Amino acid sequence: MGKEAPKTHENLVAGDHLIAGDGLVAGDRTEHEIASQPACWRRAATLAAEVAALLPARGERVAVVGCGTSWFIAQSYAAAREQGGHGETDAFAASEMPLGRRYDRVVVLCRSGTTTEILQLLDRLRGTAATVVITALPQSPVALAADEVIDLGFADEESVVQTRFATTELALLRAHLGQDLSAAADAAERVLAAPLPAELLAARQFTFLGTGWTYGLANEAALKLREAASMWTESYPAMEYRHGPVAVTGPGSVVWLLGTAPAGLGEEIAAAGGTAWFGVEDPMAELVRVHLLAVAVGRARGLDPDQPRNLSRSVILTPR
């Protein structure tokens, strides 16, 4: 009998599941990381008291920056901080932060600690404002370029797509604002234990809506389905839905609201032929449901949610 030919494919198909090159079912790493979120949030809530002196004090004028997922988490934190009366807070994509504005502190969100745009921004900010980075790698270039570092290495991920790191840094920041994260963690456990609704699994298109601090979560929810499942998704402030986005709603569309729904929105979605999904759990727990859906749909499409096409863990630009 001849020797079996070596398996040189990065991914193989076995039955109905994509098998990654290391023998794991595609998405297994992401699925494990998703399931660990409640425990990570509880740990972050405890850590918030330990690192309170590094985070913005009440009354400080603050900018929060990030790229991709981190930018959307920055949006959520900025809105939550202002809504809570803690002080003026702006959120920027790192490449778009305007220079020359006065900030008491700049909070940098960067899982990998190697993103080029973050490094470039920290270089430009040096000496103009106190900087603190929240990262999974406290000895990374971004961490070394900041004034202070908060280590969230316990929430780091093997997957390219961020799930638990992003929500854990938001849990840390919400806890620092005085919010009790125990109810959110309990809600996430309920979401993890529940089956995904058939109408979500069958949808062809998603529009995510949010208000206040949940608008950033809506942006992040849409990104997760694009990254892990290559789905057509959009995201908007909830009241903007009527100003154009309703035009894409129809059979097979789900309009998913994170947070409080504006009056009459459900009826308008139904009249357009879509399905309204109004999350009843804490919005961060509803984002966990989106994570689960992204993995399930990605697998059903023959994709590997752990290693989405065209994406890498960190964007590192080669100097021209």
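Scroll up for the structure.
Residues numbered from 1 in each chain as written. Predicted model: local features only at pLDDT ≥ 70, side-chain atom pairs only at ≥ 80, totals over all residues. Heavy atoms only, no water.

Caption draft 1: Spotlight on the overall build of the protein. Per the secondary structure count, the protein includes eleven helices and eleven strands. Residue burial in the protein is summarised as follows: out of 320 residues, 53% are buried. Residue pairs at least 24 apart in sequence account for 71% of intrachain contacts in the protein once pairs closer than 6 positions are excluded. Carbon together with sulfur atoms contributes 53% to the accessible area of the protein, which is approximately 14000 Å² in total. (Helix = DSSP H or I, 4+ residues; strand = E, 2+ residues; numbered from the N terminus. Buried < 20%, exposed > 50% of the residue type's maximum accessible area, 1.4 Å probe, protein only. Contact = heavy atoms within 4.5 Å. Areas by Shrake-Rupley, 256 points an atom, 1.4 Å probe, with all protein chains shown as cover.)

Caption draft 2: Region of the structure containing helix α1 (residues 28-35). Taken together, the buried positions of α1 are Thr30, Glu33 and Ile34. The arc enclosing the buried residues of α1, seen along the axis, measures out at 105°, which places them on a common side. (Arc of directions from axis to C-beta.)

Caption draft 3: How the structure looks around the side chain of His176. One can find His176 in helix α6 (residues 164-176). When sequence neighbours within four positions are dropped, the list of residues in contact with His176 reads Ala48, Ala52, Leu55 and Pro56.

Caption draft 4: Representation of the packing of aromatic side chains in the model. With the rule as written, the count across this model stands at six aromatic pairs. When the centroid spacing of 5.8 Å and the interplanar angle of 10° are considered together, the rings of Phe206 and Phe208 count as stacked. In this structure, Phe206 and Phe208 share a single accessibility class: buried. Among the aromatic residues, ring-to-ring pairing joins Phe206, Phe208, Trp256 and Trp277 into one connected group. Positioned above the aromatic ring of Tyr103, the side-chain terminus of Arg61 is 4.7 Å from the ring centre. (Phe/Tyr/Trp six-rings, centres within 6.5 Å; stacked < 30°, edge-to-face > 60°. Lys NZ or Arg CZ within 6 Å of the ring centre and 35° of its normal.)

Caption draft 5: Quick look at the state of the cysteines. Scanning the entire structure with this criterion turns up zero disulfides. Free of any disulfide, Cys110 has its nearest cysteine sulfur in Cys67, 7.1 Å distant. Cys110 sits in the buried class, given a relative accessible area of 2%. (Disulfide = S-S within 2.5 Å.)

Caption draft 6: Up close: the nonpolar core. Residues Trp41, Ile134, Ile150, Phe206, Phe208, Leu225 and Trp256 are the most contacted members of the largest nonpolar core, which totals 65 residues. At ten residues, helix α11 (residues 283-300) tops the list of elements feeding residues into this core. If we skip the residues at most four places from it in the chain, Ile134 touches Leu55, Val107, Val108, Leu109, Cys110, Ile150, Leu152, Phe165, Glu169, Leu172 and Leu173. In this structure, Tyr103, Val108, Val142 and Ala146 belong to the second largest nonpolar core, which totals 18 residues. (Core = buried A, V, L, I, M, F, W, Y, C linked by side-chain atoms within 4.5 Å.)

Caption draft 7: Quick peek at the pairing of strand β6 (residues 130-135). With five of six residues buried, β6 is to be regarded as a mostly interior element. Regarding the hand of the β-α-β motif, the stretch spanning strand β5 (residues 105-109), helix α4 (residues 116-125) and β6 is right-handed. Alignment of β6 against strand β7 (residues 148-151), held across four bridges, turns out to be parallel. Looking across to β7, one finds that Ile134 is bridged to Ile150. (Right-handed = clockwise from strand over helix to strand, strands pointing away. Pairing = 2+ DSSP bridges.)

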